[in-house]
Amino acid sequence: MQLKNPILGLCQQSTFMLSAAKVDQCPDDEGFEVAFAGRSNAGKSSALNTLTHASLARTSKTPGRTQLLNFFKLDDDRRLVDLPGYGYAKVPIPLKLHWQRHLEAYLGGRESLKGLILMMDIRHPMTDFDLLMLDWAVASGMPMHILLTKADKLTYGAAKNTLLKVQAEIRKGWGDAITIQLFSAPKRMGLEDAYTVLASWMELADKGAEIAE
């Protein structure tokens with residue numbers, strides 16, 4: 001008997017809640033949140049849309065369009081959060097500093113934040129931004145799971161080699177706590193592994209048995 005991952009149904013019924021420019025505009029700090037971070041060209045919005053089977057997150061040919069913390073409701077206690085993308089060259093410096101200040105305040109002070117999904121373009125992994133996020137996650141004890149996005153842009157062998165190389169680099173520099181996988185939104189590659197991580201962080205991992213039949 002195969003158990004159905006309960007996070008799947010929640011993701012499929014997810015709805016937009018609100019956008020916050022400042023931490024005090026966020027929803028009440030209770031329940032379970034998982035945040036999605038990544039450089040603005042790492043495929044973050046596409047990954048979110050694929051995981052939720054919806055067009056919740058805005059995708060754009062212009063990187064850096066996600067300028068706010070965007071909250072998506074899964075149920076009364078659980079939310080996904082699309083964080084501002086980094087790497088946008090054309091954004092004015094004061095606005096960059098504003099986002100950075102409030103993003104750090106969110107990451108450092110949000111009690112309901114249970115884990116961070118970090119998106120890395122498999123063709124350009126371990127950027128300066130990625131290294132900063134890795135440092136922060138380890139220093140703060142925040143669970144982190146990495147999606148090596150756009151894995152369909154490489155052959156499977158090349159993608160697997162990159163996965164093993166990045167995995168070894170992370171273990172050497174940051175330990176074994178951070179997990180990593182291949183992911184492709186267009187090919188729907190890696191969805192099951194990502195759902196498993198989300199269900200665990202949101203304390204849904206043991207509830208599959210309740211809906212098995």
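Procedures and definitions
- Residues numbered from 1 in each chain as written.
- Predicted model: local features only at pLDDT ≥ 70, side-chain atom pairs only at ≥ 80, totals over all residues.
- Heavy atoms only, no water.
- UniProt positions renumbered as here; feature names shortened; annotations may be inferred.
- Pairing = 2+ DSSP bridges.
- Helix = DSSP H or I, 4+ residues; strand = E, 2+ residues; numbered from the N terminus.
- Axes fitted to C-alpha atoms, helices over the stretch in contact; angles between N-to-C directions.
- Contact = heavy atoms within 4.5 Å.
- pLDDT = per-residue confidence, 0-100.
- Buried < 20%, exposed > 50% of the residue type's maximum accessible area, 1.4 Å probe, protein only.
- Phe/Tyr/Trp six-rings, centres within 6.5 Å; stacked < 30°, edge-to-face > 60°.
- Polar contact = N/O pair within 3.5 Å; in protein donor to acceptor, adjacent residues only side chain to side chain.
- Salt bridge = Lys/Arg side-chain N within 4 Å of Asp/Glu carboxyl O.

You'll find the protein entered in an unreviewed UniProt entry as Probable GTP-binding protein EngB, with Pseudomonas veronii given as the organism. Heading Cofactor (unreviewed entry) of the UniProt record for the protein holds this comment: "Mg(2+)". A UniProt comment under Sequence similarities (unreviewed entry) is attached to the protein, and it reads "Belongs to the TRAFAC class TrmE-Era-EngA-EngB-Septin-like GTPase superfamily. EngB GTPase family."

Let us look at the sheet that holds strand β3 (residues 69-75). Strand order across the open sheet formed by seven strands is β1-β3-β4-β2-β5-β6-β7, with mixed pairing between neighbours. Edge positions in the sheet fall to β1 (15-20) and β7 (179-182), since each has one partner strand and no second. The average undirected angle you get between the axes of adjacent strands in this sheet is 25°. Bridge analysis of strand β2 (residues 32-38) against strand β5 (residues 113-121) gives six bridges, and the strand direction is parallel. Paired with A37 across the strands is L118, a residue of β5. Strands β2, β4 (78-82), β5, β6 (144-149) and β7 of the sheet are contacted by helix α6 (residues 191-201), whose axis makes an angle of about 160° with β5.

The next thing to look at is the confidence of the model for the protein. Looking at the protein as a whole, the pLDDT averages 85, with 82% of positions reaching at least 70. A low-confidence stretch, residues 60-65 stays under pLDDT 50, and its non-local contacts, those more than four residues away or across chains, total seven contacts. Here residues 208-213 scores under 50 on pLDDT; set against residues more than four positions off or in separate chains, the count is nine contacts.

Along β2, seven of the seven residues are buried, which leaves the element largely enclosed by surrounding structure. Neither face of β2 is open: one carries F32, V34, F36 and G38, the other E33, A35 and A37, and all of them are buried. Relative to β4, β2 is paired through five bridges, and the arrangement is parallel. Looking across to β4, one finds that V34 is bridged to L80.

Further remarks concern the packing of aromatic side chains. All told, the structure shown has two aromatic pairs when counted by the stated rule. Plain terms: the ring middles of F71 and Y106 are 6.3 Å apart, the flat faces sit at 80° to each other, and that makes the pair edge-to-face. Of this pair, F71 sits in strand β3 while Y106 sits in helix α3 (residues 93-109), and the two are 35 residues apart along the sequence.

Another aspect to go through is the side chain of T50. By secondary structure assignment, the location of T50 is in helix α2 (residues 44-52). A relative accessible area of 11% means that T50 is categorised as buried. Of note is the side chain of T50, whose polar atom sits 2.9 Å from the backbone oxygen of S46. For T50, the contacting residues outside a window of four places in its chain are A185, R188, L191 and Y195.

Throughout the structure, instances matching the rule amount to nine salt bridges. As a salt-bridge pair, K73 and D76 come within 3.1 Å of each other at their nearest N and O atoms. With a relative accessible area of 31%, K73 lands in the partly exposed category. Between D121 and R123 there is a salt bridge, with the nearest N and O atoms lying 2.9 Å from each other. Given a relative accessible area of 38%, R123 falls into the partly exposed group. The structure contains a network of salt bridges with shared partners spanning D29, E33, R79 and R110.

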